[in-house]
Each structure stands twice: as structure tokens, then as C-alpha cells.
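In case you want the letters, here they are:
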Amino acid sequence: MYERILLPVDHSSHALDAAAFGLAIASRFDARVTGLYVDSTSSKDERQARMLANLPEAVRSRLEAKDASPTTPAAAVLENITTQAMTQGVFFRPVTLSGNPLSEIHKHIDEQPTDLVVLGAKGDGADANRALGSITERMARHGRTDLLIIKRQESLEEGDGGILVAVDGSAQSYAGLLSAISIAAKTNRTVEAVGVYDPYIHYTLFNGIVKVLTEKAAKVFKFADQEKLHEEIIDTGLAKIYQAHLEVARTVAEDEGVDLKITLLDGKAYEKLLQYIRKTDPWLLVMGRIGVHSEPEMDIGSNSENLLLQAPCNTLLVSRTHTP
């Protein structure tokens, strides 16, 4: 499934953790890995030069001497990962480019076929107040390649927890299920599919309507009958629809030789999923980049975006599609 993996790295601890994780995944899928370091120091050097020009000579000399290094960050980082790859028997190709990191990553993906991008949740400019670094967040929003975001500093062997797949009937969610099954087989973990339907939206709708209708209009609208209709048919129908999505997921898993656990929840999708994630503590969350109600040209679905920012576990965002 994942034959060509891209590891965009800088010299942050998050990037190095993601690289180690990516190599471990590659060793199980017998994948070829490209390590991409984008050197953006030219623009930084220009800004630093303007700043240094206004400092006293003695201070400027000390700062310049401190910055001088015989080994570039790119060489050090890529050499480290190369050594790890050789130890694990993984094909690894180091690449160094110059320019804007996000632009160069996208350009590389456009020019070199890539099945999976593995990124740390944050990078060099890590901000304690942000769940994701700017590069990672923009890759999730604008990328169209499966994206694995590493939030925990653990290897594939360490810790417990299975793989949780969000299933809403979309082609992306079913593709995510196939990815989850494949990864589970390589890492000896369980897979669970969770679906969430929202029966409460109709109560909000009717509560809004009843406040604006006159007594005469309410009789014409037949408010009580309409509300009963929604409760008995639409709300129950929603539950059946999402249960059917999960049953389809179970059938897909059976075809792959996997006994899939399925769970149906009711409420706001991302809220209920987040609660369930915090309760069950999965090792990996898998979800589609967009959902069943999204337009294909949308950058990222609202539920996926909220979970991407708030879920505490590693997250695989799937852009591929599969229609059972």
C-alpha cells in the first residue's frame, strides 16, 4: 500500500521522532524513503545580516563566531536518518533543497510519486500554544497525499492501543479503513470503526421555528406532527444509515480477513469522537481528509480539522478514495 514515503525534516526533536517512526513503517511495508530537508537560511541570513549591521563590532564578531559551524544542520540531520535507515535495512535517499519549505515539499511531491508523507506535529518554530506547526497544518489543509502526523514520541512496538477509524460512508473513510487494516497487520494491532450520527440537529431546528411562528402559522405548519415525523422517521433513519456504513466497513474488513469491531455514537461528530478517543486512548486515529458531506474541492472537512488539532494520538489523514 505504502511503497514511497516522504520524510520532510528539520533539526527539531519532533521531526526526528517522525523520521524514526516513518522508517519503522517503511521497514514493515518494504517502502522506499526520501528524506527531504529544505534549507531556508538564505532569507534568514538576509534578515540577520541587517540586524547585525546595527550592532557593535565586538558583539557582532561574537555572534558570527557562535553561528559558524563546520557541519550544516541538513548534513547532520540527514546523516543521522541515513544511519538509522541502514540499520533497519530501509532504502533511504537524502535530498536537500533551498527555498520555502512548504513550497518545496509540494513541488517535490508533484515531481516524485509519493504514497505517504510523515511529519512531526511541530517543527523548528514550535509554539506551545499551537497543537500543530504551520507546515504540518498547511500540509493537512492543502496536501492531497496521505499524511501521517506523529504526536507521540513512541515507536511502533511501544505502548498499547489499537487503530481507530472514523467511518461516515465517504470514499475517503473507506480508504482509511483499508489503510488501517494494512497498518494493523504490519504492527499487530486491533482495528475499530466508529460512526457518529447527529439526531439533535432537528431539535435545534424546531426550537428555532417555534419561536418565530404565530399561533395561526403553527397550526398551518402542523408543528407537533412535523416534529413527530422527524423523531420517528428522520432521526431513526439517520441511525440506520450510519449503522449501515459501519456494516459495510465490517464487510470490507471481512474481505481482508479481519474481524472488525464497530461502534455507533450519537451527537456532534468531532465532539463524540474526541470523547471516545480520550476514553479509549488509541495508538492511531485514521480519518478522511474530507467527509461524506464535503465537496471534492474542499481543503479539509470541519470534523477532520477539529480532530486533527485536538486529538492527542497519532493521526493518519487519508486523501485516497475507495468505494465498496
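Worth saying up front: this structure is predicted, and the values here are computed from it rather than measured. (Residues numbered from 1 in each chain as written. Predicted model: local features only at pLDDT ≥ 70, side-chain atom pairs only at ≥ 80, totals over all residues. Heavy atoms only, no water.)

Asker: Just checking my understanding: could you explain the overall build of the protein chain for this structure?
Answerer: Scanning the protein chain from terminus to terminus reveals twelve helices and ten strands. Contacts in the protein chain between residues at least 24 apart in sequence constitute 79% of all its contacts with a sequence separation of at least 6. Total accessible area on the protein chain stands at roughly 17,000 Å², and carbon and sulfur atoms take up 51% of it. (Helix = DSSP H or I, 4+ residues; strand = E, 2+ residues; numbered from the N terminus. Contact = heavy atoms within 4.5 Å. Areas by Shrake-Rupley, 256 points an atom, 1.4 Å probe, with all protein chains shown as cover.)

Asker: What is the right way to look at the nonpolar core in this model?
Answerer: For soluble globular proteins, nonpolar side chains are generally found buried alongside one another. The biggest cluster of nonpolar side chains holds 52 residues, and the ones touching the most others in it are Ile5, Val9, Ile163 and Leu316. Among the elements that take part in this core, helix H1 (residues 13–29) stands out by supplying nine residues, more than any other. Leaving out residues up to four positions away in the same chain, Ile163 has contacts with Ala180, Ile183, Ala184, Arg189, Thr190, Val191, Glu192, Trp283, Leu284 and Val286. Of all hydrophobic cores here, the second largest spans 32 residues; its members include Leu36, Met139, Leu147 and Leu273. (Core = buried A, V, L, I, M, F, W, Y, C linked by side-chain atoms within 4.5 Å. Buried < 20%, exposed > 50% of the residue type's maximum accessible area, 1.4 Å probe, protein only.)

Asker: Please explain the pairing of strand E2 (residues 32–39) as it appears in this structure.
Answerer: For a regular strand, the rule is simple: side chains alternate between the two faces of the sheet. By the criterion of burial, E2 is predominantly enclosed, with six of the eight residues buried. Remark: the strand E1 (residues 4–9)/H1/E2 crossover connection has right-handed handedness. With seven bridges connecting them, E2 and strand E3 (residues 92–98) associate as parallel partners. Looking at the pairing, Gly35 lines up with Pro94 of E3. (Right-handed = clockwise from strand over helix to strand, strands pointing away. Pairing = 2+ DSSP bridges.)

Asker: When you look at the confidence of the model for the protein chain in this model, what are you seeing that I'm missing?
Answerer: A low pLDDT means the predicted coordinates there should not be read in detail. Per-residue confidence for the protein chain gives a mean pLDDT of 86; residues scoring 70 or more make up 82%. When pLDDT is averaged over each element of the protein chain, strand E6 (residues 163–166) comes out on top at 98 and helix H2 (residues 41–52) at the bottom at 59. (pLDDT = per-residue confidence, 0-100.)

Asker: Before we go on, may I ask you to explain the packing of aromatic side chains in this structure?
Answerer: Each aromatic ring pair is characterised by the separation of its centres together with the angle its planes make. In total, this model carries two aromatic pairs according to the counting rule given. Plain terms: the ring middles of Tyr2 and Phe29 are 5.9 Å apart, the flat faces sit at 70° to each other, and that makes the pair edge-to-face. You can see Tyr2 sitting in the segment before E1 and its partner Phe29 sitting in helix H1, a full 27 residues away along the chain. Owing to a relative accessible area of 1%, Tyr2 belongs among the buried residues under this scheme. Over the face of the ring belonging to Phe29 we find Lys186, whose NZ or CZ atom lies 5.6 Å from the ring centre. (Phe/Tyr/Trp six-rings, centres within 6.5 Å; stacked < 30°, edge-to-face > 60°. Lys NZ or Arg CZ within 6 Å of the ring centre and 35° of its normal.)

Asker: What am I meant to see in the side chain of Arg289 here?
Answerer: Within the fold, Arg289 resides in the loop between strand E9 (284–288) and helix H12 (302–310). Looking at Arg289, its side chain comes within polar contact range of the main-chain oxygen of Asp299, at 2.7 Å. (Polar contact = N/O pair within 3.5 Å; in protein donor to acceptor, adjacent residues only side chain to side chain.)

Asker: Even after reading the chapter, I still don't get helix H6 (residues 134–142), so can you show me in this structure?
Answerer: Structural remark: α-helix, 3.6 residues per turn; residues separated by three or four positions point the same way. The complete set of buried residues in H6 reads Thr136, Met139 and Ala140. Taken around the axis of H6, the buried residues stretch over an arc of 100°, which confines them to a single face. Tucked inside the fold, the buried residues of H6 contact helix H5 (101–111), strand E4 (116–120), strand E5 (146–150), H12 and strand E10 (314–318). (Arc of directions from axis to C-beta.)

Asker: What am I meant to see in the sheet that holds strand E8 (residues 261–266) here?
Answerer: In a beta sheet, neighbouring strands are held together by backbone hydrogen bonds and run either parallel or antiparallel to one another. Reading across from one edge, E3-E2-E1-E4-E5-E10-E9-E6-E7-E8 is the order of the ten strands in this open sheet, with mixed pairing throughout. Bordering the open sheet on either side are E3 and E8, each of which pairs with just one other strand. Across the sheet, the mean angle separating the axes of adjacent strands is 20° when strand polarity is ignored. Here helix H4 (residues 73–88) sits on the sheet and contacts E1, E2 and E3; the angle it forms with E3, its principal contact strand, is near 165°. (Axes fitted to C-alpha atoms, helices over the stretch in contact; angles between N-to-C directions.)

Asker: Quick question: what am I supposed to make of the environment of Asp10 here?
Answerer: As for its position among the elements, Asp10 is in the loop between E1 and H1. Note on Asp10: relative accessible area 17%, which makes it buried. Placed 67 residues apart in sequence, Asp10 and Val77 show a C-alpha to C-alpha distance of 7.2 Å. When residues no more than four places from it in sequence are discounted, the contact partners of Asp10 are Ala15, Leu16, Tyr37, Val77, Gly123 and Asp124. Within polar-contact distance, the side chain of Asp10 engages the side chain of Ser12 at 2.6 Å.

Asker: Explain the pattern of salt bridges to me, please; I cannot follow it from the model alone.
Answerer: Think of it this way: side chains of opposite charge can pair up when their charged atoms draw near. What the rule picks out here adds up to eight salt bridges. Between Arg152 and Asp281 there is a salt bridge; the shortest N-O distance is 2.4 Å. Here Asp281 lies in the loop between helix H11 (269–280) and E9 and Arg152 lies in the loop between E5 and E6, a separation of 129 residues in the sequence. Residue Asp281 is classed as partly exposed on the basis of its relative accessible area, which comes to 40%. Residues Lys261 and Glu192 are paired through a salt bridge, measuring 4.0 Å at the closest nitrogen-oxygen approach. With Lys261 in strand E8 and Glu192 in strand E7 (residues 191–197), this residue pair connects regions lying 69 residues apart in the sequence. Here the salt bridges do not stand alone but share partners, grouping Arg141, Asp299 and Glu305 into one network. (Salt bridge = Lys/Arg side-chain N within 4 Å of Asp/Glu carboxyl O.)

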